[in-house]
Every structure is written in structure tokens, then in C-alpha cells.
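Now for the letters of each chain:
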Amino acid sequence: MTFRPLAPMALAAGLALSGLAHAQKAEVIHWWTSGGEAAAIKEFAAAYTKAGGTWVDTPIAGGGGAQARTVMANRTMGGDPPTAAQYNYGRQYEEIIKEGLLNNLDDVAAKGNWDKLLPEKIKNAVKVNGHYYAVPVNLHNENWVWYNKAVLAKAGVTKDPTTLDEFFAALDKVKATGVTALALGGQGWQEGITFRGVLLAVGGRDLYLKTFKDKDASGADFRKAVESFKKLKAYVDPGSPGRDWNLATAMVIQGKAGFQMMGDWAKGEFVNANKVAGKDYGCFMAGGPKMPYAIGGDVFVFPKGKDKDTAAAQKKLAELMISPAVQVAFNNKKGSIPIRTDVDTSKVDICAQQGVQAVKENRLLQSDNELLSPDAKGAFEDAVSKFWNSDQSTDDAIKAMAIALKR
Ligand code: BGC
């Protein structure tokens, strides 16, 4: 896939990015440990090294990032902060802002014109009380479905499903060939993604917002989503519990499974395996091409440090991460789309085109990370996971989900 910097911008950025005064160390905590993720973050490290700094990589394994965020919180609260740390868009870092532990980036943002170059809804997602406390680095959407084209061809699935019924029909066909129809990593956060994909497919933006904004788990559509979610279990192999997301993606890449419901970081794995969108693998949004695009992806925050050099290293990191050339190099590998609107997206692959289009059409949707407190989101995913992994009744599951939303 090929995002390209617009030539004059790249040149200007190259000139504007001066080196650091000396080889300042920057320790960066993140959870990008899969093949595609590791390849992507190397682009940030390379840019920082090229600017004269020393990148100290602190990867904390665990897809979805809960483990990395715990390390970051403990270290920052305990007085041993890293230079920078990864979070998702939304409310995950509001506590450390309240505690006064983060530097804000308003001067870097003003210098880099972030107010102009970021899509409006991204700006809203990333600003807290009018200040930039984080640099956004990409736009991911978690509600994608990936598939192996050869597996589907063999099963006689000839077009992308656009409704839940069509999706179930396609799953049936793949299952009938003896291949695992749906590759799922059985971890709470992945089951959560699967549930939200189904929720969107059943009721689109309205049902999503009714659930996560109004915190209302009542009604026929919500029940249908809960039932349809559980119905997917019949298509998942017994090896699912505990499986990492990228291993589920590998099943699709290798033709051991038909589909995976997962964010477009999965595309980073296909890219890393030299697979081509539209040839080796396909993609569609859960619920069809005009679905709202839930704002997902990553930001970096910069804790206050002990020595005076820290702030300079942090400003340089933020400036580099959002610069046009680095945005292009990083996002080409990450599977996400660049967060700035001034890079050339005319040549992007068929999956990324849908994201670019969603931004153009302003189809971006506040995600549950933005709408729920981290506590409520965790409780909701626990309820989803319990339902998936037990014989709990639909009624009891809905009750538990409703309680979780109100936390
Ligand atoms: C992040 C992605 C990451 C994925 C799996 C998500 O929360 O936004 O950047 O690739 O988790 O680790």
C-alpha cells in the first residue's frame, strides 16, 4: 500500500526538522509487538535516531494494550515515567492528566498547525479542556472483516457480505469446506471488538450511540446483536481461547481460516507477509461499506520528566511522529491511515480507500473508548466475554451489560 507525502510538504518538513542538540534518550512505552506493528514503530525510531536522538524501546506485549497502560500508569504515578507512552484515543489517560502528570503539547501543535491539518472529530477526540495532551499518529477502525480470497473462492463465496445475514451465509459456506470459518483470538478485548462489529451491523450508528452514549442496553435491536454475536461461536475453532490477535490473522493469511473480525492493524500483518489487498486478501466493514467509522488508533502522551532535557526530547518526538514523511512511512506499515489530511492518498489500497472516504464524508464516529470511562468499558467487555465463554442466558447477559454501562 502506498500513501505518499505530497512532494512540497515532504521537502518543507525535511527542512523544518532540525536535529537535537545532543543524543537525547527517549524511552517509549508501547504495545506494538506483532510483526506488522514492530515494523511500523521502527519508522518512528528511525526518524528519531536520524534527528540525532537515542531511541530506547520499551515494548510491553499484549494486544489492545491493557498491560502496557498498566505499566505506564504505575511508572508515571510512581515517579519513574518514560519519555513517551502509547494510548488509544479517548479517556484512557484522563486520570494522569487530572493528576497533573502530563506535559501538554500546545506549542508543538501551534507550530505544526495541528488545528488546521487534523480532521475536526480527531481534534475533539484528542484535545482535553482545550489543550493537546497527546499527539495523534493514525486513524484505525476496529470494525473490519478480513478474509482469505482463495479460501472464499473455494467455498463459492463470490461477493463481500454487506449484511449480517449474508455474512452468516458466507460463514456457512466456508465451514462446509472444512476450514475454520472465523479466526478469533479468545481474549476479552477481541471478543469486545467482535461484539461491537455485530452491534454496528445490526443497528449502525444509532444503535452504537444508544448503547455507548445513552448507556441503554434495552430494545429488540440490542437483543438481536447479543444473539447474533453468540451465534458466531459455531464458526470458531476450539483453539480460540487465549489466542493472540495476530495469530488469528496468521490463520487467515495462511488459508487456515476464512475470516477474521479485527481492526485494520491486522492489515499490517498482511502487508508484513507481502500479501496484496484485493489479490490475496479482501476486507469489508462489518455492516457494509457505508458504516460509520469508529475513531480508533493511537496517540502518544509525554509525562513530565525529572531533567530539563526531557521536554526537548518530547517535543522532537511529537513533531516527528506527525510530520508528513514519517506519517506516510509509519502508516503504510501499520495498516491505519495517516492522521493528517495533507498527504496524497490517491494510490492507497482498496481497504485504506474506504477509510480515506469515511474521513472525506465525515463518517467518523466517537468510539466506546471516548464515550465510556475505562472502568465502564472494561466491565462491559467482561460481561461480553462471560456471555461468550459460558452458557449464560441472553437475558442475564443483557442485564449484566446494562449494569456495566452505568458504571
Ligand atoms: C491499537 C493498535 C494495535 C492494536 C493491537 C489497538 O488498541 O490501536 O495500534 O495494533 O491495539 O495491538
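Only a predicted model underlies this, so the values are computations on that prediction, with no experimental measurement involved.

(A) Region of interest: the overall build of the protein. Counting its regular elements, the protein contains 19 helices and 15 strands. Here the C-alpha atoms of the protein give a radius of gyration of 21 Å, agreeing with the 22 Å that 2.2 N^0.38 yields for 407 residues. Taken over the C-alpha atoms alone, the protein extends approximately 60 × 45 × 35 Å along its principal axes. Relative to its 407 residues, the protein shows a buried fraction of 57%. Considering only intrachain contacts with a sequence separation of at least 6, the fraction spanning at least 24 residues in the protein is 79%. For the protein, the computed accessible surface area is about 16200 Å², with 54% contributed by carbon and sulfur atoms. Placing the 50 positive and 44 negative side-chain charges of the protein at their respective mean positions leaves the two points 3 Å apart.

(B) Spatial organisation of the sheet that holds strand β11 (residues 281–285). An order of β9-β10-β8-β11 is seen for the 4 strands of this open sheet, with the pairing classed as mixed. The open sheet has two edge strands, β9 (180–182) and β11, and neither has a second partner. Neighbour to neighbour, the strand axes of the sheet diverge by 20° on average, direction disregarded. Note: strand β8 (residues 144–148) against β11, 5 bridges, orientation antiparallel. Bridge pairing in β11 links W146 to C283.

(C) Structural context of the confidence of the model for the protein. In the predicted model, the protein carries a mean pLDDT of 94, and the fraction of residues at 70 or more is 95%. When mean pLDDT is taken per element in the protein, β9 scores highest with 99 and helix α1 (residues 7–16) scores lowest with 42. This model gives residues 7–17 a pLDDT under 50, and the stretch forms 10 contacts once residues within four places in sequence are excluded.

(D) Inspection of the state of the cysteines at higher detail. As enumerated under the stated definition, the model contains 1 disulfide in all. Between the sulfur atoms of C283 and its disulfide partner C351 the distance amounts to 2.2 Å. A torsion of -110° about the S-S bond marks the disulfide between C283 and C351 as left-handed. With C283 in strand β11 and C351 in helix α16 (residues 350–360), the pair connects residues that are 68 residues apart, well separated along the chain. Each member of the pair, C283 as well as C351, carries the same accessibility label: buried.

(E) Region of interest: the domain arrangement of the protein. Each domain of the protein was delimited in the assignment, giving domain 1 (10–140 + 296–364) and domain 2 (144–291 + 372–405). Summing the contributions of domain 1 and of domain 2, the shared interface buries around 1900 Å²; its carbon and sulfur component is 53%. The three residues of domain 1 that bury the most area against domain 2 are C351, Q354 and R363, which together make up 28% of that side's buried surface. Counting across the interface, domain 1 meets domain 2 through 2 salt bridges. Close ionic contact of K290 with E361 constitutes a salt bridge, the shortest N to O distance being 3.2 Å. Listed by contribution, the elements that provide at least two residues to the side of domain 1 that touches domain 2 are α2 (35–50), α15 (324–334) and α16. When grouped by side-chain class, the residues that make up the side of domain 1 that touches domain 2 number 6 nonpolar, 11 polar and 7 charged.

(F) Just unusual backbone geometry, in detail. A positive phi angle, near 65°, is found at N113, a position not held by glycine. Along the chain, the position of N113 falls in the loop between α5 (106–112) and α6 (114–117). Phi angles above zero are rare outside glycine, and N274 is one such case at about 60°. Looking at the element boundaries, N274 is found in the loop between α13 (265–272) and β11. Judged by its relative accessible area of 67%, N274 is exposed.

Conventions and cut-offs
Residues numbered from 1 in each chain as written. Predicted model: local features only at pLDDT ≥ 70, side-chain atom pairs only at ≥ 80, totals over all residues. Heavy atoms only, no water. Helix = DSSP H or I, 4+ residues; strand = E, 2+ residues; numbered from the N terminus. Rg over C-alpha atoms; globule rule 2.2 N^0.38 Å. Buried < 20%, exposed > 50% of the residue type's maximum accessible area, 1.4 Å probe, protein only. Contact = heavy atoms within 4.5 Å. Areas by Shrake-Rupley, 256 points an atom, 1.4 Å probe, with all protein chains shown as cover. Lys, Arg positive; Asp, Glu negative; His and termini not counted. Charge placed at Lys NZ, Arg CZ, Asp CG, Glu CD. Pairing = 2+ DSSP bridges. Axes fitted to C-alpha atoms, helices over the stretch in contact; angles between N-to-C directions. pLDDT = per-residue confidence, 0-100. Disulfide = S-S within 2.5 Å. Domains from an automatic or database assignment. Buried area = accessible area lost by both parts, 1.4 Å probe. Salt bridge = Lys/Arg side-chain N within 4 Å of Asp/Glu carboxyl O. Nonpolar A, V, L, I, M, F, W, Y, C, P; charged D, E, K, R; others polar.

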